[in-house]
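Chain by chain, the residues run as shown.
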Amino acid sequence: MNGTVGYGLVLGGLAFAAFGALVGLVSGLRRSDAGFPWVLRAVWGFAACMVGANLVMVHALVTHDFSVRYVAQVGSRATPLVYTIVSLWSALEGSILFWGLIMGGYIAAFAFIHRKEHARYMQLALGTMLAVGVFFAFLIAGPANPWGAVSPVPADGPGPNPLLQNHVLMIIHPPMLYLGYVGMTVPFGVAVAGLLRGEIGEAWMAPLRRWTLVAWLFLSIGIILGAWWAYAVLGWGGYWAWDPVENASFLPWLTATAFMHSTMVQERKRMLKLWTLSLALASFVLTILGTFMTRSGIFNSVHSFTQSDIGPTFLVFLGVLLVLCVGLLAVRGPLLVPEGQLASPLSREASILVNNLVFVAITFTVLLGTLYPLISEAVRGVRVSVGEPYFNKMAVPGGIAVLFLMGVGPVLPWGKPDKATLRRQFIIPAVVGLVVTAACFAVGLRGVYPLMTFGLAGFVTVVTLRELVAPVRVRMAERKEGLVAAVTTSALKAQRRFGGYVVHLGIVLIIVAVAASSAYVKHTSGTLKKGQVIELGGYQMKYLGLVSGEEPHRTYVAARVEVTSPGGKVSELKPRLNYYERSTDPIGTPGVRETPGEDLYVSLMAFSEQAGTASINIWVFPLVGWIWWSIPLLVLGTLISLWPRRKAAMAMAGAPAVGASPLTGGDAERGAA
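A quick note: this is a predicted structure, and the numbers were derived from the prediction, not measured. Along every chain, residues carry numbers that run from 1 in the direction the sequence is written. For this predicted model, a pLDDT threshold of at least 70 governs which residues receive local features, and a threshold of 80 or more governs which side-chain atom pairs are given and counted, while totals over whole chains, interfaces and linings are taken from all residues. Heavy atoms throughout the structure, all of them, feed into the side-chain values; hydrogens and water do not.

### Structural notes on the overall build of the protein
What counts here: Secondary structure is summarised from DSSP: a helix means a run of H or I of at least four residues, a strand means a run of E of at least two, and numbering begins at the N terminus for each. Think of it in three bands: with a 1.4 Å probe and only protein chains considered, a residue is buried below 20% of the maximum accessible area for its type, exposed above 50%, and partly exposed in between. Two residues qualify as a contact provided that any one of their heavy atoms is within 4.5 Å of a heavy atom in the partner residue.
Each helix and strand in the protein was counted, giving 22 helices and 10 strands. When each of the 673 residues of the protein is scored for burial, the buried share is 55%. The long-range share in the protein, meaning contacts at least 24 apart out of those at least 6 apart in sequence, stands at 72%.

### Things to note about the packing of aromatic side chains
Test applied: In this analysis, rings of Phe, Tyr and Trp, with Trp reduced to its six-membered ring, are considered paired at centre separations within 6.5 Å, and the interplanar angle assigns stacked below 30 degrees, edge-to-face beyond 60, and tilted for intermediate values. The rule is short: NZ of Lys or CZ of Arg within 6 Å of the ring centre and within 35 degrees of the ring normal puts a charge over the ring.
Scanning the entire structure with this criterion turns up 30 aromatic pairs. Arranged with centres 4.6 Å apart and planes meeting at 35°, the rings of Trp 89 and Phe 98 form a pair that is tilted. As far as the burial class goes, Trp 89 and Phe 98 line up, both buried. Taken together, the ring pairs connect Trp 89, Phe 98, Trp 99, Phe 135, Phe 136, Tyr 178, Tyr 181, Phe 314 and Phe 317 into an aromatic cluster. Between Arg 41 and the ring centre of Trp 38, over which it is positioned, the NZ or CZ distance is 4.6 Å. Between the NZ or CZ atom of Arg 446 and the centre of the ring of Phe 441, over which it lies, the distance is 3.7 Å.

### Focus on the side chain of His 173
Short version of the rule: In the analysis that follows, any N or O atom pair within 3.5 Å is treated as a polar contact, provided that within protein one partner can donate a hydrogen and the other can accept it, and provided that, for residues neighboring in sequence, both atoms belong to side chains.
Mapped onto the secondary structure, His 173 falls in helix α8 (residues 169–183). For His 173, the side chain forms a polar contact with the main-chain nitrogen of Gly 226, separated by 3.3 Å. Ignoring any residue separated from it by four or fewer positions in sequence, one finds His 173 in contact with Gly 222, Leu 225 and Gly 226.

### What about helix α5 (residues 92–113)?
Under the convention used in this document: Expected span, for any helix, means 1.5 Å times one less than how many residues it has.
An ideal rise of 1.5 Å per residue puts 32 Å on 22 residues; α5 measures up with 32 Å between its terminal C-alpha atoms. Of all the 22 residues making up α5, 17 are buried; the element is thus mostly covered by neighbouring parts of the structure.

### A look at the nonpolar core
Cut-off, in case you're wondering: Nonpolar cores were defined as sets of buried Ala, Val, Leu, Ile, Met, Phe, Trp, Tyr and Cys residues, with membership established by side-chain atoms within 4.5 Å.
One finds Phe 110 and Leu 126 to be the most contacted residues of the largest nonpolar core, which totals 166 residues. In terms of residue count, helix α10 (residues 202–233) provides more of this core than any other element does, 20 residues in total. Excluding residues that lie within four positions of it along the chain, Phe 110 makes contacts with Tyr 121, Met 122, Ala 125, Leu 126, Met 129, Val 186, Val 190, Pro 207 and Trp 211. Membership of the second largest hydrophobic core comes to 18 residues, among which are Leu 528, Leu 536, Tyr 543 and Leu 600.

### Some points on the packing of helix α1 (residues 2–30) against helix α2 (residues 36–62)
Rules: Helix axes use the C-alpha atoms of the stretch in contact, all axes being lines fitted to C-alpha atoms, and the angles between their N-to-C directions lie in the range 0 to 180 degrees. Comment on the angle field: the value is read as roughly parallel under 35 degrees, roughly antiparallel over 145, roughly perpendicular from 65 to 115, and oblique elsewhere. Less than a right angle of anticlockwise turn of the near helix away from the far helix marks a crossing as left-handed, whereas a clockwise turn marks it as right-handed. Under the scheme applied, nonpolar residues are Ala, Val, Leu, Ile, Met, Phe, Trp, Tyr, Cys and Pro; charged residues are Asp, Glu, Lys and Arg; polar residues are all the others, including Gly.
Here α1 crosses α2 at 160°, and the two axes come no closer than 8 Å. The orientation of α1 relative to α2 falls into the category roughly antiparallel. Seen from above, α1 lies across α2 with left-handed handedness. Tallied by class, the residues present in the contact of α1 with α2 amount to 16 nonpolar, 9 polar and 1 charged.

### Considering the sheet that holds strand β10 (residues 613–622)
Heads up, the condition is: For two strands to be treated as a pair, DSSP must find no fewer than two bridges joining them.
Taken in spatial order, the 4 strands of this open sheet run β1-β10-β9-β8, and their pairing is antiparallel. For this open sheet the edge positions go to β1 (522–529) and β8 (591–594), each flanked by a neighbour on one side alone. The average undirected angle you get between the axes of adjacent strands in this sheet is 15°. The pairing of β1 with β10 spans 8 bridges and is classified as antiparallel. Bridge assignment links Lys 529 to a residue of β10, and that residue is Thr 613.

### Observations regarding helix α16 (residues 419–442)
The cut-off we apply is this: One axis is fitted to the seven residues ending at the residue and one to the seven starting there. The bend at that residue is the angle between these axes.
Under the 1.5 Å per step criterion, the end-to-end length of α16 is 34 Å for 24 residues, consistent within 8% with the ideal 34 Å. Its maximal kink placed at Ile 427, α16 deviates by approximately 35°, while the proline Pro 429 follows within four residues. Along α16, the positions that sit buried rather than exposed are Leu 422, Pro 429, Gly 433 and Cys 440. Positive phi shows up at Gly 444, right after α16, with a value of about 105°.

### Focus on the packing of helix α14 (residues 348–380) against helix α15 (residues 388–411)
The geometry of α14 relative to α15 is characterised by a closest axis approach of 10 Å and an angle of 165° between their N-to-C directions. What the angle tells us is that α14 and α15 run roughly antiparallel. Once α14 is placed against α15, the crossing between them reads as left-handed. Packed against α14, whose contacting residues are Arg 348, Ser 351, Val 354, Asn 355, Val 358, Phe 359, Ile 362, Thr 365, Val 366, Leu 368, Gly 369 and Thr 370, the element α15 presents Tyr 390, Phe 391, Met 394, Gly 398, Gly 399, Ala 401, Val 402, Leu 405, Gly 409 and Pro 410 at the interface. Taken together, the residues of the contact of α14 with α15 sort by class into 13 nonpolar, 8 polar and 1 charged.

### Points about the pattern of salt bridges
Here is the rule: When a carboxyl oxygen of Asp or Glu lies within 4 Å of a side-chain nitrogen of Lys or Arg, that pair is called a salt bridge.
According to the stated counting rule, one finds 3 salt bridges in the structure shown. Between Arg 554 and Glu 551 there is a salt bridge; the shortest N-O distance is 2.5 Å. The exposure class assigned to Arg 554 is buried, which follows from its relative accessible area of 13%. The shortest N-O distance in the salt bridge between Glu 572 and Arg 560 comes to 2.9 Å. Of this pair, Glu 572 sits in strand β5 (residues 570–573) while Arg 560 sits in strand β4 (residues 554–564); the two residues are 12 residues apart in sequence, bridging distant segments of the chain. On the accessibility criterion, Arg 560 (29% relative accessible area) is partly exposed. In the salt-bridge network here, residues are joined through shared partners; they are Glu 551, Arg 554 and Arg 576.

### What about the environment of Tyr 178?
Mapped onto the secondary structure, Tyr 178 falls in helix α8. For Tyr 178, a relative accessible area of 6% puts it in the buried group. Distance in space between the C-alpha atoms of Tyr 178 and Thr 291 is 9.7 Å, their sequence separation being 113 residues.

### A look at unusual backbone geometry
Each neighbour pair has its own omega, and for Ser 151 with Pro 152 the value is -5°, a cis peptide bond. A positive phi angle, near 55°, is found at Trp 242, a position not held by glycine. Mapped onto the fold, Trp 242 is located in the loop between α10 and α11 (244–269). The phi torsion at Leu 623 lies on the positive side, around 60°, for a residue other than glycine. Topologically, Leu 623 is positioned in the loop between β10 and α19 (626–629). Residue Leu 623 is classed as buried on the basis of its relative accessible area, which comes to 18%.

### What about the pairing of β5?
Residues in a regular strand point their side chains to alternate faces of the sheet. Where β4 and β5 come together, 4 bridges link them in antiparallel fashion. Residue pairing for β5: Glu 562 is matched across the bridge by Glu 572. In sequence, β4 turns back onto β5 through a hairpin of 5 residues, with Gly 568 there showing a positive phi of about 95°.

So, in structure tokens, the structure goes:
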């Protein structure tokens, strides 16, 4: 019953998406408003079918309906309820079904929020998004169908992948990553609509920018939580290994970040229109590439799914996307004529352009290093390995360049600069950066790249804090003089900038943490008998013996390690090995003692009950926790940028929109608001 109902809902979603895509694109290209109500109905129908199909699958999982193929593949009566529900996205077919749920939610949210805006603009955008929905609904109904019947029906199942049951982060990390990936569908739809119409004014840029920022935030959180999961679960003493699937999530993040900076130039100077749309399209294409890399099984990774039949289907879709994007940019791009020009190489728009080029260079570097082993094997028949040394050598200088531009860009003015003013703006941040570098050197820190990173971080932090305070001072002065209109205008323009600088602080936190935890990590290992002590970085660790236990879905063996910190505080860590019925190898859970300054990380590698010994790996990671602690800053800054200012927008509604698109003036004004 569950299988029949679920599959019927998927087919219904496929029909709604196909109908809505056809009507939306045809009506939009004909510039007719007649089809818009039908497109909206198709959106509601597609979203409802995807929600319903996922609820049916959750019901099948919770009730242990092993007659459904996916439940027989990942279900188990011994699995705790929360992990039973989470198993919805624990394997390939379920993850694609969950993908459809998120896509239906995104398209419905976009349609609801913008339903009163220009129908032809909305029809093209929604038609494009529903066309993407057709592909994923087809996957769920065909190559990745989770609803197949099982006969005979087994009494129990193996349960989800043990890695997905080993830490609570797996409840949060995949949905965040999927929300980032799938969210790129919305700006893709808006960008395609803009190219089809040959227009890219503020009426188009406002939703394009906002929805990219939403997807960017979820993608950022997903990447950071994934790194945290790798750190907290795998026990290998790290959080980022330039794994192909890790890279797959990083690539669209890079282009989306470049896009959001490029929109500032497009908004202020009416430049880089075609470049900005190209970045929006590239971000979506890279999410599809990343999905293919994760779900085709062509890469050997703990993050990827097993070998599957959907790889060729994804390749065809990826090829169609590339042809579509390149064709649209070639045919419609000449209509997007820039209205401004670069005034000076020492201007903010020039620094943003350089920033974009650096991001694209890093993207190309990571993409080449990720795909080169596959290309080499396909062309030469030789499998090569591209590891961390390549990525670090190529990406670290780019990251330092990005950090430098984060400090330089806000100091530079739009247009031609006044050199005397420019020098004054640079003096204090530059001095602080030099002082930070000298202080780090004085306390014994060495290494060119880390010292450059810490110095530039000081420089960027001073610039960012100054820019955070400056708009507040301006608005207070305007309010004091009674310039209500100026206050309103300033508030609207400054809000996104303020939020962006808060995000910059979060990025600085991440970069400093990565530099410190990579350059100054300490490591040792040993096999200890009961009562023996091992030392590292001022910590003394005494092995107290083994303990074991049993939980509903696993058993475990843990080593009791008494830790005496450099300050004399005594605590106990219990790194453990977890044993699952489905897995032949144990999965570790390290013991971590976290402080703001550093983490003590202890991993149990092996043990012998007869000999009474335990083999442990120990690391001391400086500042590594700052990576995860950056999430509140990223969320806060993004919410500030996205938060609507309805009263201010209404106060400005009578003002003409600058650089309005060929759409009606009212549409341009609504987009600017």
